[in-house]
Each structure stands twice: as C-alpha cells, then as structure tokens.
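# Summary of the model geometry
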Amino acid sequence: MTKPETRIAADPKNYQFDLPFRPEPAPLAETIHKRAWAVAGTVASLRGGPPEETVRLIVIHATAGSTTDGAVSVMAAGRASFHWVVPGKDEPAHGRHVWATCPERLAAWHVRRSCAHPDICDGANNLNRASLGIEVVNRQDGEDPFSDWQIEAAAAIVRYAWAKYPNLAHVTSHARLDPGRRTDPGVNFPWTEFMERVRGR
Ligand SMILES: [Zn+2]
C-alpha cells in the first residue's frame, strides 16, 4: 500500500530550477512598453560585459499590484526596473503579448545588491549584472490566482532567453534571493508547473 501523498504548502523561498541543456531558438511575443523603455536608461546599469557572456540567471517576481501601469510607475519613479512584465488577467494585452520594459543588455534593478544564495551563481552577489528580471502582474495577496496564460507567457520568456544566452543556468524566485524581505512571486505561483513548461513536459 502506498501512502496518500502529503500536500506540502508551496514555499517561494525554495523556488529554483536549473537549465541543463540548450534548446532551439524560440521567438517571443513581446511588445516594447514605450513609457518604460523611455526611462529604462535612467533606472538600470551597465552589466560590465555583453549579455551573451554575463547573463546567468532569471528571477521571477510578482508585482503585488493589478496592472502593468502600476509596475511601470515604479520604474518611472526611479525605484526599480525589470526586463519584462507579464500583464494581468484584466488587461487588454493578456493573452496576446508580454511587455518588454528594459533592454536586455542593461542590468535592471530588481534584486538588492547584497543578495546571494549558495546554489545560484556560486554564491555571488550583485546579481542584477548577471540576471534578467520578469515581473508577473498579480496582487500576491494569497488569493489572486495566476492565469494559465501568465504561466505560459513567463515560461516562454525563459525559453527564449535560455536559447539566446549560453551561460544562463538558473531560474529562481525573488523570495529565494531575498528571503528576509520578499515573498514573490508568492504561494499561488505554480512553480512546478512553470518549471515543466520551461523544460518541456
Ligand atoms: Zn520581486
């Protein structure tokens, strides 16, 4: 007799998977967000090398809000930045395309400089230089569900980047890198399903 499987609550601090091989190039349905793109140069840094060499990590975030505009306002205020926004369920872009909000060649400001994890980039800090950041619009209140399309769209970004950047090895949550301050993308983000979609079932 096998025991019924115990359901373990999702813990965003454990969200990580690594990318073992290089897939075929995958196109991405993205549209440049003009308002974000216009300010990106003032709210992102140089990587210290071309992205083809420096990008080793993708970080998944949730916006703790309900709109792309709300996330872009954080950029416009100079507080943080990220490379893509996956739009919310009630937005016209949902089901159509993701928003490109910062050029990939720049290091967006989405992880605190001091953050590090021994399983990621050999424990290095200053991870913005080595990473791409994806914001998924979600209230992150423990109730707001992510849509199926949002998970697929986030996975499509990872597949696109995985094919493009030869040193890209890790996909993780903001919570794993900054467990004292952050919980995103939150307990409702279906990490295992997301991983399976990235890797191909
Ligand atoms: Zn975050």
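Above this text is the structure in question.
Described below are features of the structure shown in this document. Keep in mind it's a predicted model, so treat the numbers as computed, not measured.

### Details of the overall build of the protein
Scanning the protein from N- to C-terminus turns up six helices and nine strands. Taken over the C-alpha trace, the protein has a radius of gyration of 16 Å; the compact-globule value for 201 residues is 17 Å, and the two agree within 12%. With respect to the three principal axes, the spread of C-alpha positions in the protein is 60 × 40 × 35 Å. The buried share of the protein, taken over its 201 residues, is 49%. Residue pairs in contact within the protein that sit at least 24 positions apart in sequence constitute 80% of those at least 6 positions apart. As presented, the protein carries roughly 10,000 Å² of accessible surface, and 51% of it is formed by carbon and sulfur atoms. When the 24 positive and 23 negative side-chain charges of the protein are each reduced to one mean point, those points stand 4 Å apart.

### Looking at the coordination of the zinc ion
Within the protein, the atoms that donate to the zinc ion are H61 (ND1), H174 (ND1) and D184 (OD), at distances of 2.0 to 2.1 Å. Read in sequence order, the donor residues coordinating the zinc ion give the pattern H-x112-H-x9-D. Of this pair, H61 sits in strand β4 (residues 57-62) while H174 sits in helix α5 (residues 174-177), and the two are 113 residues apart along the sequence. Taking relative accessible area as the criterion, H61 reaches 2% and is therefore assigned buried.

### Considerations on the environment of F189
Summarising the element assignment, F189 is placed in the loop between α5 and α6 (191-199). The spatial distance from the C-alpha of F189 to the C-alpha of I151 is 8.2 Å, given a sequence separation of 38 residues.

### Focus on the sheet that holds strand β8 (residues 131-136)
One open sheet accounts for seven strands, arranged β1-β9-β4-β8-β5-β6-β2; its pairing is mixed. The sheet is open, and its two edges are formed by β1 (16-18) and β2 (30-32), each paired on a single side. In this sheet, neighbouring strand axes are inclined to one another by 20° on average, regardless of whether the strands run parallel or antiparallel. In this sheet, strand β6 (residues 98-100) lies alongside strand β5 (residues 84-86) in antiparallel orientation, the contact comprising two bridges. Paired with W84 across the strands is A100, a residue of β6. Together, β2, β4, β5, β6, β8 and β9 (170-173) form the strand contacts of helix α4 (residues 148-164), whose direction differs from that of β5 by roughly 155°. Set on the sheet, α6 makes contact with β1, β4 and β9; between it and β1 the angle comes to about 15°.

Procedures and definitions
Residues numbered from 1 in each chain as written. Predicted model: local features only at pLDDT ≥ 70, side-chain atom pairs only at ≥ 80, totals over all residues. Heavy atoms only, no water. Helix = DSSP H or I, 4+ residues; strand = E, 2+ residues; numbered from the N terminus. Rg over C-alpha atoms; globule rule 2.2 N^0.38 Å. Buried < 20%, exposed > 50% of the residue type's maximum accessible area, 1.4 Å probe, protein only. Contact = heavy atoms within 4.5 Å. Areas by Shrake-Rupley, 256 points an atom, 1.4 Å probe, with all protein chains shown as cover. Lys, Arg positive; Asp, Glu negative; His and termini not counted. Charge placed at Lys NZ, Arg CZ, Asp CG, Glu CD. Donors = N, O, S within 2.8 Å, 3.2 Å for Na, K, Ca; no water. Pairing = 2+ DSSP bridges. Axes fitted to C-alpha atoms, helices over the stretch in contact; angles between N-to-C directions.

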